[in-house]
Amino acid sequence: MREIVIGGAQLGPIQRAESRESVVARMIVLLDQAAKAGCGLVVFPELALTTFFPRWWMEDPAEVDQWFETEMPNAATQPLFDRARDHGIAISFGYAEKTSDGHHFNTSILTDTAGNIVGKYRKVHLPGHSEFDTERAFQHLEKRYFEPGNLGFPVWRNMDALMGMCICNDRRWPEVYRVMGLQGAELIMLGYNTPSVNSQDSAEGLEHRLYHSDLSMTSGAYQNAAWVVGVAKSGDEDGHPLMAGSIIVDPNGFVVARAQTEDDELIVHACDMDLCNFGKSTIFDFARHRRVEHYTRITAQTGVEYPE
Ligand code: ING
């Protein structure tokens, strides 16, 4: 049995004024809880080191770059890597990456249990808009501050399992899980920062958003016979509510752990990677069942092409 005890380390709000050092200290508290719970791997949210800054309109490149990391690990995050290595726990977390040649990505990394970075992913699906939208109560400017990811959806061998990452909006696109499923992914980790409601939303807005977040991750897990761990940054950031709803989903699409709060909270589940084998060898034995000759539209088209 290839069991990995996985922790989902949900973060509560990070205010604009909160330092990276303060956030890393909160992450280490969750990491210590995870060690006590016997975790071998801990997943943190998207943009885990700072507030969700794409909600703000910024024009000065220096003001934008203050939210980005130019190296990883760095002085602020080294204590996190050190504690993870001391515990023998692999970690995954998201941050804003500025490359040495000046490119900006919404990135996540994965380490092994010795604290070495073994994988990097850059968010492909950037929601929202790139220009100031006067109709909105608040902005969602990921297309302004990040470039689409240029690393694809890789899958790595780590801890005797096949694991990959995606980020937030990526979880809503079935292609994302399938591309990793076609590499044998047994575990897909993701973090998210999802606004809980906005001015256009009706009363059940949060209930709908939580449902759609669950629906996206449970279907991705079931349809690729893989574990999915989705971890939120949640709560009220400077008056802007983010939804929680962190979950661990088994390879049959069932939620086996769910966060109960909108704050720093660890969810844990012992995940047997061999639970993936049945689905991958029966209903979702891709080699036996898929008919790729009929799927060409999926990569040939971006938008809809209507029949005559
Ligand atoms: N956030 C959101 C997400 O995909 C969003 C954007 C909000 C989409 C609400 C749909 C509804 O979860 C990020 N950061 O991608």
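About the criteria used
Residues numbered from 1 in each chain as written. Predicted model: local features only at pLDDT ≥ 70, side-chain atom pairs only at ≥ 80, totals over all residues. Heavy atoms only, no water. Near = heavy atom within 4 Å. Polar contact = N/O pair within 3.5 Å; in protein donor to acceptor, adjacent residues only side chain to side chain. Nonpolar A, V, L, I, M, F, W, Y, C, P; charged D, E, K, R; others polar. Core = buried A, V, L, I, M, F, W, Y, C linked by side-chain atoms within 4.5 Å. Buried < 20%, exposed > 50% of the residue type's maximum accessible area, 1.4 Å probe, protein only. Helix = DSSP H or I, 4+ residues; strand = E, 2+ residues; numbered from the N terminus. Contact = heavy atoms within 4.5 Å. Phe/Tyr/Trp six-rings, centres within 6.5 Å; stacked < 30°, edge-to-face > 60°. Lys NZ or Arg CZ within 6 Å of the ring centre and 35° of its normal. Patch = residues over 30% accessible without salt bridge, like charges linked within 9 Å, V, L, I, M, F, W, Y side chains within 5 Å. Areas by Shrake-Rupley, 256 points an atom, 1.4 Å probe, with all protein chains shown as cover. Salt bridge = Lys/Arg side-chain N within 4 Å of Asp/Glu carboxyl O. Lys, Arg positive; Asp, Glu negative; His and termini not counted. Charge placed at Lys NZ, Arg CZ, Asp CG, Glu CD. Axes fitted to C-alpha atoms, helices over the stretch in contact; angles between N-to-C directions. Parallel < 35°, antiparallel > 145°, perpendicular 65-115°, else oblique. Left-handed = near helix turned anticlockwise from the far one by under 90°.

This paragraph deals with the site of the ligand. Looking at the ligand, there are 14 residues lining it, with Glu142, Cys168, Asn169, Arg172 and Thr194 nearest. Here an oxygen atom of the ligand and a side-chain polar atom of Lys123 are 3.1 Å apart. Taken together, the residues that form the shell around the ligand break down as four nonpolar, four polar and six charged.

Glancing now at the nonpolar core. Among the nonpolar cores identified, the biggest contains 44 residues, and Ile6, Leu41 and Leu187 are the most heavily contacted of them. With six residues, the top contributor of residues to this core is strand β7 (residues 161–167). Apart from the residues lying within four places of it in its own chain, the contact partners of Leu187 are Ile6, Leu41, Leu162, Met163, Gly164, Ala226, Trp227, Val229 and Met273. Of all hydrophobic cores here, the second largest spans 26 residues; its members include Leu11, Val42, Leu80 and Ile91.

In total, this model carries ten aromatic pairs according to the counting rule given. Measuring from ring centre to ring centre gives 5.7 Å for Trp57 and Phe132, while their planes differ by 85°; the resulting arrangement is edge-to-face. In this pair, Trp57 is assigned in the loop between β2 (41–43) and α2 (61–65) and Phe132 in the loop between β5 (117–122) and α4 (142–145), connecting sequence segments 75 residues apart. Using a relative accessible area of 28% as the deciding quantity, one classes Trp57 as partly exposed. One residue, Arg16, lies across the ring of Trp56, its end atom 4.4 Å from the ring centre. Here the guanidinium or amino end of Arg290 rests over the ring plane of Phe286, the centre of that ring lying 5.9 Å away.

Before going further, it helps to examine a negative patch on the surface. A cluster of acidic residues, Asp236, Asp238, Glu262 and Asp263, forms a negative patch on the protein surface. Looking at where Asp263 falls in the secondary structure, it is placed in the loop between β13 (255–258) and β14 (265–272). When its relative accessible area of 43% is taken as the criterion, Asp263 is described as partly exposed.

Moving on to the environment of Glu262. Following the sequence through the fold, Glu262 ends up in the loop between β13 and β14. Sequence spacing of Glu262 and Met243 is 19 residues, and the spatial spacing of their C-alpha atoms is 7.1 Å. Apart from residues no more than four positions distant in its own chain, Glu262 is found in contact with Gln10, Gly12, Pro13, Leu206, Ser234, Gly235, Leu242, Met243 and Ala244.

Here we take up the packing of helix α5 (residues 174–181) against helix α6 (residues 205–224). Across the interface, α5 lies against α6 with an axial gap of 9 Å and an inter-helix angle of 30°. Between α5 and α6, the angle is such that the two are roughly parallel. Relative to α6, the crossing made by α5 is right-handed. Facing α5, whose interface residues are Tyr177, Arg178 and Gly181, α6 presents Ser216, Met217, Gly220, Gln223 and Asn224. The residue makeup of the contact of α5 with α6, split by class, is two nonpolar, five polar and one charged.

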